[in-house]
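# Chain and residue survey
Each chain, letter by letter, is given below.
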Amino acid sequence: KIEKAKPIKCGTFGATSLQQRYLATGDFGGNLNIWNLEAPEIPVYSVKGHKEIINSIDGVGGLGIGEGAPEIVTGSRDGTVKVWDPRQKDTPVANMEPVQGESKRDCWTVAFGNAYNQEERVVCAGYDNGDIKLFDLKTMSLRWETNIKNGVCSVEFDRKDVNMNKLVATSLEGKFHVFDMRTQHPTKGFASVSEKAQKSTIWQVRHLPQNRDIFMTSGGAGSLHLWKYEYPAQRSKKDSEGAEMGVAGSLSLLQNVTLSTQPISSLDWSPDKKGLCVCGAFDQTVRVLIVTKLNKV
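Note that this is a predicted model, so its numbers are computed, not measured.

Tallied over the entire structure, the rule returns 19 salt bridges. A salt bridge links Asp136 to Arg143, with the nearest nitrogen and oxygen atoms 3.6 Å apart. Residue class for Asp136 comes out buried when judged on its relative accessible area of 9%. Under the relative-accessibility criterion, Arg143 is labelled partly exposed at 31%. Counted as one network, the salt bridges with shared partners bring together Asp158, Lys166, Arg212 and Asp213.

Here is the structure:
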């Protein structure tokens, strides 16, 4: 148990090895800190990353997940998304901020993807107005954007370390969207399917590490929903002009359970034990669960 002066909003182990066990955290003061849990008194890396609270954080390149440098991405209420390399002091290696004249939006969620070799890497960010933006870190450009008309609470690629395959985005109004990221149409972008899971906010999405077509969503009504994505017979087709466009699959609900009277705000799967998961809720309870029969779906 470690106590710090500023409240901590988010954390990740994603940019560190299992041997190091460095935890990167974002706090209410806009600070990014990296802690060695063996000696947590002083952070091993610290930077005033943002002007306001850091809402979301993700890491890649450590834990044997994703090729390339160990990097951390932070998304903040100040409207910016920044990528940090802990080997570079004080300044981010990438800074995605609103263009001049564009109003700043509260960034609620960030996620790495496409880190399948040393060069490729993308960051997906979701905002309070429903914007989803995909930043290509190789070309340092905005690769794609869309709007799902509701605040984006959570985004996650089904795998960080493969060619972009699927992306799930969850929203305030009980809806989530699955984008097929294999084929990007020049004007229509990515094909997607959406599902209204419940009436309340879907706080989190997490893909099963052992099967990327199964994922869990956690809801504002204290429930967990387990979903399976079915691919279409053909994942792409040609439009009238001959351009490739993606074809969305379908979703089926495998199981759901209500665990709490309060929202379940965080969720994670064990990479080692299939079906073992943990969630945290607003009732200040951490619950450890096991999902069985996952090898039969």
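Spatially, four strands are ordered S1-S2-S3-S4 in an open sheet, and the strand pairing comes out antiparallel. In the strand order of this sheet, the two ends are held by strand S1 (8-12) and strand S4 (45-48), each with one partner. Taken over all neighbouring pairs, the strand axes of this sheet differ in orientation by 20° on average, direction set aside. Relative to strand S2 (residues 22-27), S1 runs antiparallel, the two sharing four bridges. Residue pairing across strands places Ile8 opposite Asp27, the latter belonging to S2.

Turning next to the side chain of Thr74. Structurally, the position occupied by Thr74 is in strand S6 (residues 71-76). Only 2.9 Å separates the side chain of Thr74 from the side chain of Trp84, close enough to count as a polar contact. Excluding its chain neighbours within four sequence positions, the residues that come into contact with Thr74 are Leu32, His50, Ile54, Ser56, Ile57, Thr80, Val81, Lys82, Trp84 and Val110.

Taken in spatial order, the three strands of this open sheet run S23-S24-S25, and their pairing is antiparallel. Whereas interior strands pair on both sides, the edge strands pair on one side only; in this sheet they are strand S23 (264-269) and strand S25 (286-290). Averaged over all adjacent pairs, the angle separating strand axes in this sheet is 20°, with direction ignored. As paired strands, strand S24 (residues 276-281) and S25 are joined by five bridges and run antiparallel to one another.

Take the nonpolar core next. Soluble globular proteins tend to bury their nonpolar side chains together. Among the nonpolar cores identified, the biggest contains 16 residues, and Ile132, Leu134, Trp144, Phe157, Leu167, Phe179 and Met181 are the most heavily contacted of them. Here Phe179 is in contact with Ile132, Trp144, Thr146, Ile148, Asn165, Lys166, Leu167, Ala169, Phe190, Ala191 and Ser192, once residues within four sequence places are set aside. Grouped together as the second largest cluster of nonpolar side chains are 15 residues, Met96, Cys107, Phe112 and Ala125 included.

In this model, Asp90 sits at a positive phi of 70°, which is unusual for a non-glycine residue. Of note in the backbone geometry, Met140 takes a positive phi value of approximately 50° without being a glycine. Within the secondary structure, Met140 is located in the loop between strand S11 (131-136) and strand S12 (141-147). Note on Met140: relative accessible area 52%, which makes it exposed.

Scoring rules and cut-offs
- The residue count restarts for each chain, going from 1 along the sequence in the order it is written.
- Restriction of local features to residues with pLDDT of at least 70 applies here, the model being predicted, together with a cutoff of 80 or more for giving and counting side-chain atom pairs; totals for whole chains, interfaces and linings are based on all residues.
- For side-chain calculations, the full set of non-hydrogen atoms in the structure is used, while hydrogens and water are omitted.
- Each reported salt bridge corresponds to a side-chain nitrogen of Lys or Arg within 4 Å of a carboxyl oxygen of Asp or Glu.
- Buried, partly exposed and exposed residues are distinguished by accessible area as a fraction of the type maximum, computed with a 1.4 Å probe on protein chains only: under 20%, between the cut-offs, and over 50%, respectively.
- By definition, two strands form a pair when at least two bridges between them are found by DSSP.
- The numbering of helices and of strands both runs from the N terminus, where a helix is a DSSP run of H or I of at least 4 residues and a strand a run of E of at least 2.
- Think of each axis as a best-fit line through the C-alpha atoms, taken over the contacting stretch in the case of a helix, with angles from 0 to 180 degrees between the N-to-C directions.
- Any pair of N or O atoms that falls within 3.5 Å is considered a polar contact. Within protein, one atom must be able to donate a hydrogen and the other to accept it, and sequence-neighbouring residues count only if both atoms are side-chain atoms.
- Contacts are assigned to residue pairs that have any heavy atoms within 4.5 Å of one another.
- Only buried residues count toward a nonpolar core, which is a set of Ala, Val, Leu, Ile, Met, Phe, Trp, Tyr and Cys residues joined through side-chain atoms within 4.5 Å.

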